[in-house]
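Spelled out from the first residue to the last, the chains are:
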Amino acid sequence: MEAEKLKKILDAILLSANKPQSLDQLMHFFDQEDQVQGQAIRIALEELKKDNATRGFELIKVASGYRYQTQVAYKHWVSKHWDERPPRYSRALLETLALIIYRQPTTRAEIEAIRGVAVSSNMIKTLLEREWIRVVAHKEVPGRPALYGTTRQLLDYFNLDSLNQMPSLGEIQDIDKRYPQLDLQLSDQAKPTSSSPLNSKKPQENTTMAKLEALIFDVDGTLADTERDGHRVAFNQAFKEAGLDWDWTVELYGELLSVTGGKERIRLYIESYLNDFDVGGDVQAFAANLHQRKTHFYLELLQSGAIPLRPGVEALINEARKAGLRLAIATTTTPANVTYLLTATLGEASNDWFEVIAAGDIVPAKKPAPDIYTWAMEQMKLSPEVCIAFEDSLNGVKSSLAADLKTIITVNGYTKGDDFAGAVIVLDQMGTADEGFHVLEGDAGEHHYLNMDLIKALHESN
Ligand code: XBP
Ligand code: MG
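Notes on the structure follow. In this text the structure is predicted, and so the values were computed from the model without any measurement. All residue numbers here refer to positions counted from 1 along the written sequence of the relevant chain. Chains carry letters from A onward and ligands carry numbers from 1 onward, assigned in written order. Only residues with pLDDT of 70 or above have their local features reported here, since the model is predicted, and side-chain atom pairs are shown and tallied only from 80 upward, although totals for entire chains, interfaces and linings are computed over all residues.

### A short note on the environment of threonine 295
Moving on, step 1. For threonine 295, the location among the structural elements is in helix H13 (residues 283-303).
Moving on, step 2. Think of it as a crowd count around each C-beta: if 20 or more other C-beta atoms lie within 10 Å the residue is buried, if 12 or fewer it is exposed, and in between it is partly exposed, with C-beta placed from the backbone throughout. Residue threonine 295 is classed as buried on the basis of its 22 C-beta neighbours within 10 Å.
Moving on, step 3. Between the alpha carbons of threonine 295 and alanine 306 there is a distance of 15 Å; along the sequence they are 11 residues apart.
Moving on, step 4. Note on contacts: each residue gets a C-beta atom placed from the backbone, and two residues are in contact if those atoms are within 7 Å. If we skip the residues at most four places from it in the chain, threonine 295 touches Thr334, Ala336 and Asn337. Note on conventions: DSSP H or I runs of at least 4 residues are helices, E runs of at least 2 residues are strands, and numbering of each starts at the N terminus.

### Let's talk about the site of ligand 1
Moving on, step 1. Ligand 1 sits among 19 residues. The nearest are Asp220, Thr260, Gly262, Thr333 and Thr334.
Moving on, step 2. Elements with a contribution of two residues or more to the shell around ligand 1: helix H10 (227-241) and helix H17 (394-402).
Moving on, step 3. Here the residues of the shell around ligand 1 are counted per class, giving 1 nonpolar, 14 polar and 4 charged.
Moving on, step 4. When residues of the shell around ligand 1 are assigned to domains, at least three map to each of domain 3 (214-223 + 307-460) and domain 4 (227-303). Only the C-beta atom matters for nearness: placed from the backbone, it must lie within 6 Å of the molecule or strand for the residue to count as near. In this count, Pro and Cys sit with the nonpolar residues alongside Ala, Val, Leu, Ile, Met, Phe, Trp and Tyr, while Asp, Glu, Lys and Arg are called charged and the others, Gly among them, polar. Segment limits for the domains were obtained from an automatic or database-derived domain assignment.

### Looking at the packing of H13 against helix H15 (residues 335-346)
Moving on, step 1. A fitted line through C-alpha atoms serves as each axis, taken over the contacting stretch for helices, and the angle formed by two N-to-C directions is quoted from 0 to 180°. The contact between H13 and H15 brings their axes to 9 Å, and the two run at 10°. Between H13 and H15, the crossing angle belongs to the class labelled roughly parallel. Two secondary-structure elements touch here, H13 through Thr295, Tyr298, Leu299, Leu302 and Gln303 and H15 through Ala336, Asn337, Tyr340, Leu341 and Ala344.
Moving on, step 2. Considered class by class, the residues forming the contact of H13 with H15 number 7 nonpolar, 3 polar and no charged. Note on angle classes: values under 35 degrees are labelled roughly parallel, values over 145 roughly antiparallel, values of 65 to 115 roughly perpendicular, and the remainder oblique.

See below:
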């Protein structure tokens, strides 16, 4: 379908909808003969967002999907539509809600133990009626009390796409000092302390433990240490061939890794590191041409077998396949780079072991945007709760966490100083039975290398 027409149809659907529409729901509005792919819808939605950016309303994405709404900046005027004042919630109710958000799934007794006062049935009833919380399970202790978790409606109400957008408790530890005007009187027990199990964790989107079904791997830095002696070398070969005297040293390349995507990296270099370099035309086309040659050199390197998989990767993939786990890849690198790496290291057939290879420009926004992970999960028709991601870098973990994925990190030379807050564990490598890993952050229990037992335990942990 023609892009402009698709945009108008989506515009009309969203304007007439009385609740947010997910990508899946939007897909259902189209017949097979319309030939509309999820990707085209995504692009059209991005364009609609841009088109409406200067209006009094905007297109936003919340937990349940996309919706049009008036811009918050104009709420003072818009609210005059309604006579009644917005509901005011008691501090006790908000404290209770906050504890459910950060400790879910949790029982009323657990909330009472922290707050030091009884939680009234009315308060829980209000939160349930508002559909901000729900009973997600019952705790297997005498009396089988209800375990409460939060809902998508709560996120929608607060204009949030995911619970990961909530600050960590560490960040809000001093909130009463920073914002004295809020006059918060949190009971001392409700305040997070550094030794508190509440501390430093982002809230986890609910709760009844979903069974792990799929592993989603980043490629560069995670499956193989490709950047320093692979991509960087190939970039320099392309520069040389083009008669450019650019030299991306190991150190400089580390800085340039702040953006993902080779074409984007070349542009960053031209625009931020060179004074007045004239590309003699369109910088995007210039970067794309140069990048094509870089890919050529990089593929040659891969074919020569110069880049092995990192320790433990092959064994883990084999174990996961035997255990019936589904496998996927989510990377910013060019698709051919993945195929060649897999072929050179695990054999050609290994390409079929991965149900989805989500790579490169298939989504317009590269990591740290969540899009590549979300796209991979959409292809597999899986939700984030049943998947786990493997990453190595700050941009990578931002992307996977924003896609609501629990994430295991293995660092490398370029990323060992990155901030991996929110990851379930940070390791120096996956490791093997012979040569184990070092745990940099998190808890691996008795395990000394990454296997399916540990991955399942990490997936189940909060
Ligand atoms: C990888 C990248 C890629 C590679 C180069 O990031 O940023 O750009 O460095 O590949 P991640 P291309 O591991 O987070 O996916 O030159 O093909 O882009
Ligand atoms: Mg990476």
